[in-house]
Amino acid sequence: MEFRELTDEQWRYVEPLLPPLAKTGRPRADDRRIMNGILYVLTAGCRWMDMPMKYGSYKTVWRRLRRWEEEGVWRKMMNALIAKGYAIGMISLSIIAVDSTTVEAKKGGDLIGYDGHRKRRGTKVHAAVSGEGLPLSIVIGLGSEHDSKRFVDALDGIWVKVGRGRPRTRPKEVVADSAYDAKRIRLFLKGRGIKASIAENRRKTKRAKRGKLNRFNTKGYSVGRSCVERFFGWLKGGFRRLII
């Protein structure tokens, strides 16, 4: 994906979500330049030291990325963008899909494990994605964990705040593949009043009886699976730093 710097319109929306400037001490490097430097490295997949000099010191850019992560700035920004998308009709909670993908960790790091199903060593990215293919919640887990272990965490991460009312945290229907075909997951969704369209795991020796707990919406499943697969394709294809 070709890298493009933030437009004036995008920056007008992002700037108020960043931490305020300190009133005393040394002025920090320009936020917009730093943000473009971060996005350049994540998109191009280059080493930090290979970042173009026009974005300033690569060490400053890297430190800002880490500090904003520690301060919760990225999470705040994601929540604000989700709320904006929901308010203008770009995001809905009528149907969402949950799935995971394994990102190889060639240089090591935290949460590294061997994914026996995908036969690769790395970290798992779990995501809850809207029917429009946009992320609502992202959770990072061990590469060796079974996909279903982070299902509840992915659902609990959905938080759409619009206006003064309570945030919306519950979709109408959840789509997932056979890796999530577990009674505890179906009971969890039923307890929250959420419809479940989860593919049946054909390796089970005992087949579950059809009913409300094991209903299956073929059309909704197809839409949801397409959206989550498109999201992961965009994530890995658009942010090459993830796969290096």
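Residues numbered from 1 in each chain as written. Predicted model: local features only at pLDDT ≥ 70, side-chain atom pairs only at ≥ 80, totals over all residues. Heavy atoms only, no water.

### Remarks on helix 7 (residues 218–238)
Definition in use: By definition, any uninterrupted DSSP run of H or I lasting at least four residues is a helix, any uninterrupted run of E lasting at least two residues is a strand, and each is numbered from the N terminus. Any helix carries an expected span of 1.5 Å times its number of residues minus one. Buried, partly exposed and exposed residues are distinguished by accessible area as a fraction of the type maximum, computed with a 1.4 Å probe on protein chains only: under 20%, between the cut-offs, and over 50%, respectively.
Given a rise of 1.5 Å per residue, 21 residues ought to cover 30 Å, and the 30 Å separating the end C-alpha atoms of helix 7 matches this to within 8%. Regarding helix 7, the residues found buried are Gly-220, Tyr-221, Gly-224, Arg-225, Cys-227, Val-228, Phe-231, Phe-232, Leu-235 and Gly-238.

### Side note on the pairing of strand 1 (residues 96–104)
Convention followed: Here a strand pair is declared whenever DSSP counts at least two bridges between the two strands.
Judged by how many residues are buried, strand 1 sits mostly within the fold: eight of nine residues are covered. The sheet contact formed by strand 1 and strand 3 (residues 120–130) spans nine bridges and is antiparallel. Bridging across to strand 3, Ile-96 finds its partner in Ser-130. As defined by bridge partners, strand 1 adjoins strand 5 (residues 173–176) across two bridges and the pair is classed as parallel. Within the sheet, the bridge partner assigned to Ile-96 lies in strand 5 and is Val-174.

### Focus: the side chain of His-126
Short version of the rule: By the convention used here, residues are in contact when the closest approach between their heavy atoms is within 4.5 Å.
Within the secondary structure, His-126 sits in strand 3. On the accessibility criterion, His-126 (1% relative accessible area) is buried. In this structure, His-126 is in contact with Asp-99, Ser-100, Ser-137, Ile-138, Val-139, Gly-141, Asp-147 and Arg-150, ignoring residues within four places of it in sequence.

### Considering helix 6 (residues 183–191)
How we decide: Directions from the helix axis toward the C-beta atoms define the arc.
All buried positions along helix 6 are accounted for by Ile-185, Arg-186 and Leu-189. The arc that holds every buried residue of helix 6, seen down its axis, measures 100°, which confines them to one face. Exposed residues on helix 6 whose side chains face more than 90 degrees from its buried face are Lys-183, Lys-190 and Gly-191. Next to the buried residues of helix 6 lie helix 5 (151–156), strand 5 and strand 6 (195–198).

### Some points on the pairing of strand 3
Within strand 3, nine of the eleven residues are buried, which leaves the element mostly enclosed by the surrounding structure. Of the pairings in the sheet, the one linking strand 2 (residues 113–115) to strand 3 comprises three bridges and is antiparallel in character. The partner of Asp-115 across the bridge, within strand 3, is Arg-120. Where strand 2 folds back on strand 3, the antiparallel hairpin that results is connected by four residues, among which Lys-119 adopts a positive phi of roughly 55°. As defined by bridge partners, strand 3 adjoins strand 4 (residues 135–142) across seven bridges and the pair is classed as antiparallel. Looking at the pairing, Thr-123 lines up with Leu-142 of strand 4.

### Quick look at the packing of aromatic side chains
Cut-off, in case you're wondering: Classification of ring pairs rests on two measures: the distance between centres of Phe, Tyr or Trp rings, Trp counted by its six-membered ring, which must be within 6.5 Å, and the angle between planes, read as stacked under 30 degrees, edge-to-face over 60 and tilted in between.
Scanning the model with the defined rule gives eight aromatic pairs in all. Between the aromatic rings of Tyr-40 and Tyr-55, the centroid separation amounts to 6.0 Å while the plane-to-plane angle is 40°, which identifies the pairing as tilted. Of this pair, Tyr-40 sits in helix 2 (residues 31–44) while Tyr-55 sits in the loop between helix 2 and helix 3 (58–70); the two residues are 15 residues apart in sequence, bridging distant segments of the chain. By relative accessible area, Tyr-40 is classed as partly exposed at 23%. Judged by its relative accessible area of 4%, Tyr-55 falls in the buried class. Considering the side-chain rings of Trp-234 and Phe-239, the 5.4 Å spacing of their centres and the 85° angle between planes classify their relative orientation as edge-to-face. Each member of the aromatic cluster is reached from another via a ring pair, and the members are Phe-231, Phe-232, Trp-234 and Phe-239.

### Focus: the confidence of the model for the protein chain
Filter applied, for reference: Every residue gets a pLDDT, meaning the predictor's confidence in that residue, from 0 to 100.
Averaged over every residue, the pLDDT of the protein chain is 88; the share at 70 or more is 93%. Model confidence for the protein chain, summarised as mean pLDDT per element, is weakest for strand 2 at 79 and strongest for helix 3 at 96.

### So, the side chain of Ser-148
Rules: Two N or O atoms form a polar contact when they lie within 3.5 Å of each other; inside protein one atom must be a possible hydrogen donor and the other a possible acceptor, and for residues adjacent in sequence the pair counts only when both atoms belong to side chains.
Locating Ser-148 in the fold gives a position in the loop between strand 4 and helix 5. Residue classification places Ser-148 among the buried residues on the basis of a relative accessible area of 8%. Separated by 2.8 Å, the side chains of Ser-148 and His-146 make a polar contact. With residues near it in sequence (within four places) discarded, Ser-148 still touches Ala-179, Tyr-180, Arg-184 and Ile-185.

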